[in-house]
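# Results of the structural survey
Read off the chains here:
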Amino acid sequence: MGFPRKSLYLLLWFALVSITNILGYFPHIATAADYTNLVFKGCADQKFQDPSGVYSQNLKTLMQTLVSQSSQRSFSTAASGEDANSITGLYQCRGDLTTSQCYSCVSKTPELSDKLCGQAVAARVQLSGCYLRYEVAGFKQVPETEFLYKVCGSSSQASVRTEFESRRDTAFNMAEDGVKSGSSLFYTGDYQSVYVLGQCEGDLGTADCGDCVKTAFETAKQDCGDSVSAQVYLDKCYISYSYYPNGIPTISSGSGGTRERTQKTVAISVGGVAGLGFIVVCLMCLKSVLERRSKKHEGY
């Protein structure tokens, strides 16, 4: 007695649907772009008066210029308009992003700026992988180390607190030296399970960058205390660190939550490969059954 034709069709349908679902899910994993997540926004309280629309046009032109430049370099400045109507701006991408990722990140900031800040005379939109800011002529400047924003993680366990703080401080010193000695004003590294990142705005000198990063780390120690992770954003630099007592994960973004995301991705990938293997076996069995049925019919 042969294998029921209806069961063969059901098996084939199940295999095709499963393959579609698996293959449709893998691109989602591969293209997940957490570097475009909004971290914070800073909007000036004052709005520009724009009856003629000149400010709006200058701001639009400025944004277009900055977005265009982000496809070629990780940092750039630009200006639009003249005299009292001029608007200056810049963007900065994280040092470990590719130019295409930088462009993808910066491209999201103009719409967010308009949505979140409207016609503010100055604004900054900070994403995980980049930021863009602008200001109209004459807007008050702030110090390079002006505090903007922070995120503090959970506290370390009391049993390992002293050891953790010692490792963290060493990692901080490594990052401070790293941004001063490198050419990109960017540093990532780790010391005994403490992953650390530091970056400065592209127009800072190396000494000023080191001072800014040092201030950011001191702010993290003071404001976040024994937190096992933190992010601190100053006007011209920002830092982040994460402590992984079980080891640094293979994939890291420097913006928190990485270990859990990596574990999930690996689990899903392994599960997906196993499922795909099962489906391939099913299809091979199906092919074998169909070939036997075909030979049987040929013998009649």
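The structure reproduced in this document is the subject of the present report. Source: prediction; values computed, not measured. (Residues numbered from 1 in each chain as written. Predicted model: local features only at pLDDT ≥ 70, side-chain atom pairs only at ≥ 80, totals over all residues. Heavy atoms only, no water.)

## Side note on helix 4 (residues 109-117)
- Among all positions in helix 4, only Thr-109, Ser-113 and Cys-117 are buried. Summarising the axial view, the buried residues of helix 4 lie within an arc of 40 degrees, below the 170-degree limit, and thus occupy one face. Every exposed residue of helix 4 that faces more than 90 degrees away from the buried side is listed here: Glu-111, Asp-114 and Lys-115.
- Where helix 4 is buried, its residues contact strand 1 (38-43), helix 2 (54-69), helix 3 (99-106), strand 4 (122-127) and strand 5 (130-136).
- Just beyond helix 4, the residue with positive phi is Gly-118, at close to 60 degrees. (Buried < 20%, exposed > 50% of the residue type's maximum accessible area, 1.4 Å probe, protein only. Helix = DSSP H or I, 4+ residues; strand = E, 2+ residues; numbered from the N terminus. Arc of directions from axis to C-beta. Contact = heavy atoms within 4.5 Å.)

## Side note on the layout of surface pockets
- Put simply, the second largest pocket is a space of about 500 Å³.
- Around the second largest pocket, the lining is made up of 25 residues, and of these Arg-133, Glu-135, Phe-139, Val-142 and Asp-235 lie nearest the centre.
- Elements represented by at least two residues in the lining of the second largest pocket include exactly strand 1, strand 3 (87-93), strand 4 and strand 5.
- The element best represented in the lining of the second largest pocket is strand 1, accounting for four residues. (1 Å grid on protein atoms, 1.4 Å probe; cavity = no way out; pocket = protein on both sides within 12 Å on 5 of 7 lines; lining within 4 Å. Points joined across faces, edges and corners; volume = space filled by probe spheres on them.)

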